[in-house]
Amino acid sequence: MAEKFFTLETTVVPLPVENVDTDQIFPARFLKATTRDGFGEKLFRDWRFDVNNQPVASFVLNNPAYSGKILVAGKNFGSGSSREHAAWAIFDYGFRAVVSSFFADIFKNNALNNGLLPVQVSTDFLTKIFSAVEKEPETKIRIDLGKQEITLLSSGENESFDINPYKKTCLLNGYDDIDYLLSIKNEIETYEKNK
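S.K.: Please clarify how the sheet that holds strand 4 (residues 117-120) should be interpreted in this entry.
M.R.: To summarise the sheet geometry, strands pair through backbone hydrogen bonds and adopt either a parallel or an antiparallel arrangement. The strand order across the open sheet formed by seven strands is 4-3-2-1-5-6-7, and the pairing between neighbours is mixed. One side of each edge strand has no neighbouring strand; the edge strands of this open sheet are strand 4 and strand 7 (157-160). Across the sheet, the axes of successive neighbouring strands diverge by a mean angle of 25°, strand direction being ignored. With four bridges joining them, strand 1 (residues 7-15) and strand 2 (residues 70-73) adopt parallel strand pairing.

Set out below in structure tokens:
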């Protein structure tokens with residue numbers, strides 16, 4: 001069983017870049033890894049470090065002003081190849097949710113399958129988040145999975161978001177697909193007996 005997800009209230013890391021693909025999130029040269037260990041160290045590797053392996057001061061993950069468990073990204077996040085490693089890297093780095101105005105479908109599913117909540121908001125609400133965080137890096141966001149609601153705490157503005165009901169159940173309970181099946185084992189056995 002994984003970590004259960006109910007409500008997340010935290011500062012955020014803003015990445016106002018559109019069309020971020022999975023190769024930028026997790027570069028292809030690291031795909032040969034056979035375990036998930038250390039994937040967070042490779043997150044945005046080519047943006048975080050220069051050719052001499054030194055941190056790029058201008059990149060947001062290297063800016064001490066920003067921290068938190070929510071990554072706020074520009075439109076069309078997670079496009080490109082279907083590598084699940086991108087979701088693994090974001091989760092391993094410490095993020096528990098990604099907020100954007102649009103996600104690539106395969107990335108969205110990979111995130112949900114790995115305990116990472118993709119929250120799709122309107123372009124207007126995303127702009128408000130970026131603006132608030134630019135003015136005040138300590139700005140907090142609350143994501144309530146049960147209510148399917150995201151709130152910008154500095155203004156109280158909120159929006160609802162959609163999520164597949166099955167994936168919502170899995171996140172709330174910390175289930176992967178096998179855990180879910182085990183949770184309804186008695187119902188399955190009853191069904192089989194009465195078939």
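S.K.: Just checking my understanding: could you explain helix 5 (residues 123-135) for this structure?
M.R.: Each α-helix turn comprises 3.6 residues. Residues three or four places apart therefore point the same way. Its 13 residues give helix 5 an end-to-end C-alpha distance of 19 Å, which sits within 8% of 18 Å, the value for a rise of 1.5 Å per residue. When helix 5 is considered as a whole, its buried residues turn out to be Phe125, Leu126, Ile129, Phe130, Ala132 and Val133. In a view along the axis of helix 5, the buried residues occupy a sector of 165°, so they form one face of it. Exposed positions of helix 5 whose direction lies more than 90 degrees from the buried face are Thr123, Glu134 and Lys135.

S.K.: Please clarify how the pattern of salt bridges should be interpreted in this entry.
M.R.: Once their charged atoms are close, side chains differing in charge can pair, the charge on each being opposite to the other. If you walk through the whole model with that rule in mind, you get six salt bridges. Note that Glu9 and Arg142 form a salt bridge whose closest N and O atoms lie 3.5 Å from each other. Of the two residues, Glu9 is situated in strand 1 and Arg142 in strand 5 (residues 140-144); the sequence distance between them amounts to 133 residues. Using a relative accessible area of 45% as the deciding quantity, one classes Glu9 as partly exposed. Taking relative accessible area as the criterion, Arg142 reaches 30% and is therefore assigned partly exposed. A salt bridge links Glu157 to Lys128, with the shortest nitrogen-to-oxygen separation between them at 2.7 Å. A residue pair is termed long-range when its members are at least 10 positions apart, and Glu157 in strand 7 and Lys128 in helix 5 qualify at 29 residues.

The rules we used
Residues numbered from 1 in each chain as written. Predicted model: local features only at pLDDT ≥ 70, side-chain atom pairs only at ≥ 80, totals over all residues. Heavy atoms only, no water. Pairing = 2+ DSSP bridges. Helix = DSSP H or I, 4+ residues; strand = E, 2+ residues; numbered from the N terminus. Axes fitted to C-alpha atoms, helices over the stretch in contact; angles between N-to-C directions. Expected span 1.5 Å × (residues − 1). Buried < 20%, exposed > 50% of the residue type's maximum accessible area, 1.4 Å probe, protein only. Arc of directions from axis to C-beta. Salt bridge = Lys/Arg side-chain N within 4 Å of Asp/Glu carboxyl O.

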